[in-house]
Amino acid sequence: MPPPSVKLDSSFAEKASPGTVPNPVLMLLALVLLMCAAPCEPASEALLLTARPSRPKEGGSMTLTCEMQATSQKLGAPVQFCFFRESQALGQGCSHSPELQLPTVWRKDSGSYWCKAKTLAIRVTWSPRIQIQVQGVPVWNVSLETQPPGGQVQKGKKLVLICLATQGTGDITFSWYKGVLGLILETKTQRSLTAKFEIPAVTDSDAENYFCTADNGYHPSISELVSVTVRSPVSRPVLTLGAPGAQAFPGDMMELRCEAQSGSPPIRYRFYHEDIILGSNSTLSGGGASFNLSLTTEHSGNYSCEADNGLGAQRSEAVMLSVTVPVEDRKELLASGVLEGLLGTLGPTVMALSLCCWLKKRLGRREAEDPGRIPPSPVPQVPNYINSAVPLQEQFVYENVNVVSGDEVYSLVYHRQQERQAADPQRTPTSGQNASAIYFKLKKASPADVDYEDAM
């Protein structure tokens, strides 16, 4: 280090006060020092130290250069340079390079710097000291983040509070606080813009507002409040069936009530009948949910419900429900079933019989309404045969009652003459008379008359 200026100690002068005899050895030593002080002290202008930048920022780099004047370079011998801050040597010691690179400087690196040059002839010179002040950057824009994000953490899980600063140099002291009043949780100092605080297993009491601060010596910067919510998974729900009476009958309105005793809202409830979902309902503030069902005979079976708040679904135990059918309804159902079976098997036969009866009644009604349409009974006629001693028994047959022409109705009558025991083969029918068919004129035809065969 540079030699101190040679000065006589004041205590020595006091010791050499009048009336006392100075020590010859001390006097000789003082004389030697006065004679050698000027030649031994190097000229300050022979060696100069400079810094780039002259006002370095914290976290940045700085270069020191030890410059020799022209008069000092005439020595011609190799020169080694050494750099110092206060009394501490910098770098790896002395070297032949007149520059020293400091990659990173901090505010604690502020102080007095100087350099030294020496040759193999043990000729040493020192530069004047220079003061270097490292400039720091205040902490700014501090924020608090949580993991998991959003401040939603499950009970028993780990919560991480992350304090971040947008800028700031040097050692930064981070602190975490709980609640609006600021109960301090932890403080740590590190050379970083980010720091973490962990709660290994959160409980219900950890649901609070949190904030953090960061300070690097200029002024503290405070984050905004962050709310942390501790969520609990739902417990196994309980399903109750609210039937109106001791028994459930078709047509009754039944209430299905599902409720989980614990769990953070919102909770979504689902209702099942034999693993087939009936419907769902949600609660935003806790408690249970209900579902109404109008019963039928098909609603007998097992019922269950499910609760889910996003942290895992839980299913209730199955509850059995039997829908009772009344005795009267049973008889009606039985009769209805038998009737359906009969209709299914005898339906075509019954329909055919019904159709036949209807047609029969229809035809009978028409005959009763118009009796004049019944064909007349044959009126026996006794014909006169020429040369007949005994009248013969005749058998008449009516046939084909028709309107022949105009408005007159004729009847064609066929007859058969029974053979007499004593027939006269010589007798013949009267000329122009047909023995096998006789036509009779009956009456004048009226518009009401119709063809009998057409009516039938």
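Cut-offs and rules
The residue numbers shown here count from 1 along each chain, following its written sequence. Note on the predicted model: pLDDT of at least 70 is required for a residue's local features to be given, and 80 or more for side-chain atom pairs to be given and counted; whole-chain, interface and lining totals, by contrast, use all residues. Only hydrogens and water are removed before side-chain values are computed, so all heavy atoms of the structure are retained for them. Two strands are said to pair when DSSP picks up at least two bridges between them. Going along the chain from the N terminus, every DSSP run of H or I of four or more residues is numbered as a helix, and every run of E of two or more is numbered as a strand. To get an axis, fit a line to the C-alpha atoms, keeping to the stretch in contact for a helix; angles then go from 0 to 180 degrees between the N-to-C directions. It only takes one pair of heavy atoms within 4.5 Å for two residues to be counted as in contact. Definition of a polar contact: a pair of N or O atoms within 3.5 Å, with one able to donate and the other able to accept a hydrogen when the atoms are protein atoms, and with sequence-neighbouring residues admitted only if both atoms are side-chain atoms. When a carboxyl oxygen of Asp or Glu is within 4 Å of a side-chain nitrogen of Lys or Arg, the pair counts as a salt bridge. Using a 1.4 Å probe on the protein chains alone, a residue whose accessible area is under 20% of its type maximum counts as buried, one over 50% counts as exposed, and one in between counts as partly exposed. Only Phe, Tyr and Trp rings take part, Trp by its six-membered ring, and two of them pair if their centres are within 6.5 Å. Stacked means planes under 30 degrees apart, edge-to-face means over 60, and tilted covers everything else. A ring is scored as having a charge over it whenever the NZ atom of a lysine or the CZ atom of an arginine sits within 6 Å of its centre and within 35 degrees of its normal. Note on terminology: disulfide denotes any pair of cysteine sulfur atoms within 2.5 Å.

By the naming in an unreviewed UniProt entry, the protein goes by Fc receptor-like protein 1 isoform X2 and is assigned to Mustela putorius furo.

Draft legend 1. Geometry of the sheet that holds strand β23 (residues 289–294). Pairing is antiparallel across the open sheet formed by three strands, whose spatial order is β19-β20-β23. Edge strands, defined here as strands with exactly one partner in the open sheet, are β19 (238–242) and β23. Taken over all neighbouring pairs, the strand axes of this sheet differ in orientation by 20° on average, direction set aside. Pairing of strand β20 (residues 253–259) with β23, which is carried by six bridges, proceeds in the antiparallel orientation. Bridged to Arg257 within β23 is Ser290.

Draft legend 2. Local environment of the environment of Ser304. Within the element layout of this structure, Ser304 appears in strand β24 (residues 301–308). In sequence terms Ser304 and Glu317 are 13 residues apart; their C-alpha atoms lie 6.2 Å from each other. For Ser304, the contacting residues outside a window of four places in its chain are Leu239, Arg270, Phe271, Tyr272, Arg315, Ser316, Glu317 and Ala318. One polar contact links Ser304 to Arg315, side chain to side chain, over a distance of 3.3 Å.

Draft legend 3. Spatial organisation of the pattern of salt bridges. For the coordinates displayed, the defined rule picks out ten salt bridges. Among the ionic pairs, Asp109 bridges to Arg85, the shortest N-O distance being 3.8 Å. In this pair, Asp109 is assigned in the loop between β5 (99–102) and β6 (111–119) and Arg85 in strand β3 (residues 79–85), connecting sequence segments 24 residues apart. Classification of Asp109 by relative accessible area gives buried; the value is 9%. Accessibility expressed as a relative area gives 17% for Arg85, which makes it buried. When the shortest N-O distance is used, the salt bridge between Arg191 and Asp171 registers 2.9 Å. With Arg191 in the loop between β13 (183–190) and β14 (194–199) and Asp171 in the loop between β11 (159–167) and β12 (172–178), the pair connects residues that are 20 residues apart, well separated along the chain. You can call Arg191 partly exposed: its relative accessible area is 37%. Through salt bridges with shared partners, a single ionic network connects Arg85, Lys108 and Asp109.

Draft legend 4. Just the packing of aromatic side chains, in detail. Inspection of the entire model under this criterion finds five aromatic pairs. The interplanar angle of 15° and the centroid separation of 4.2 Å between the aromatic rings of Phe84 and Trp114 together place this pair among those described as stacked. Of this pair, Phe84 sits in strand β3 while Trp114 sits in strand β6, and the two are 30 residues apart along the sequence. Judged by its relative accessible area of 1%, Trp114 is buried. The structure contains a cluster of three or more aromatic residues connected by ring pairs, namely Phe174, Trp176 and Phe197. A cation over a ring is seen here: Arg191 above Trp106, with NZ or CZ 4.0 Å from the ring centre. Looking at Arg315, its charged tip hangs above the ring of Tyr272, at a distance of 4.0 Å from the centre.

Draft legend 5. Up close: the sheet that holds β14. Judged by pairing direction, the sheet is antiparallel, and its three strands sit side by side in the order β9-β11-β14 without closing on themselves. Among the strands making up the open sheet, the edge pair consists of β9 (140–147) and β14. In this sheet, adjacent strand axes meet at a mean angle of 15° when their direction is disregarded. Where β9 and β11 come together, seven bridges link them in antiparallel fashion. Considered in β11, the bridge of Leu144 is made with Cys163.

Draft legend 6. Quick peek at the state of the cysteines. Tallied over the full model, the rule gives four disulfides. Between the sulfur of Cys66 and that of Cys115 lies a disulfide, 2.0 Å long from S to S. Note on the Cys66 and Cys115 pair: the S-S dihedral is about 70°, so by sign convention the disulfide is right-handed. With a gap of 49 residues between them, Cys66 in strand β2 (residues 62–68) and Cys115 in strand β6 connect regions that are remote in the sequence. Across the pair, exposure class does not vary: Cys66 and Cys115 are buried alike. With a sulfur-sulfur separation of 2.1 Å, Cys163 is cross-linked through a disulfide to Cys212. Every disulfide takes its handedness from the sign of the S-S torsion; for Cys163 and Cys212 that torsion is 80°, giving right-handed. A residue pair is termed long-range when its members are at least 10 positions apart, and Cys163 in strand β11 and Cys212 in strand β15 (residues 209–215) qualify at 49 residues. Look at the protein and number its bonded cysteines as they come in the sequence; the links are 1-4, 2-3, 5-6, 7-8.

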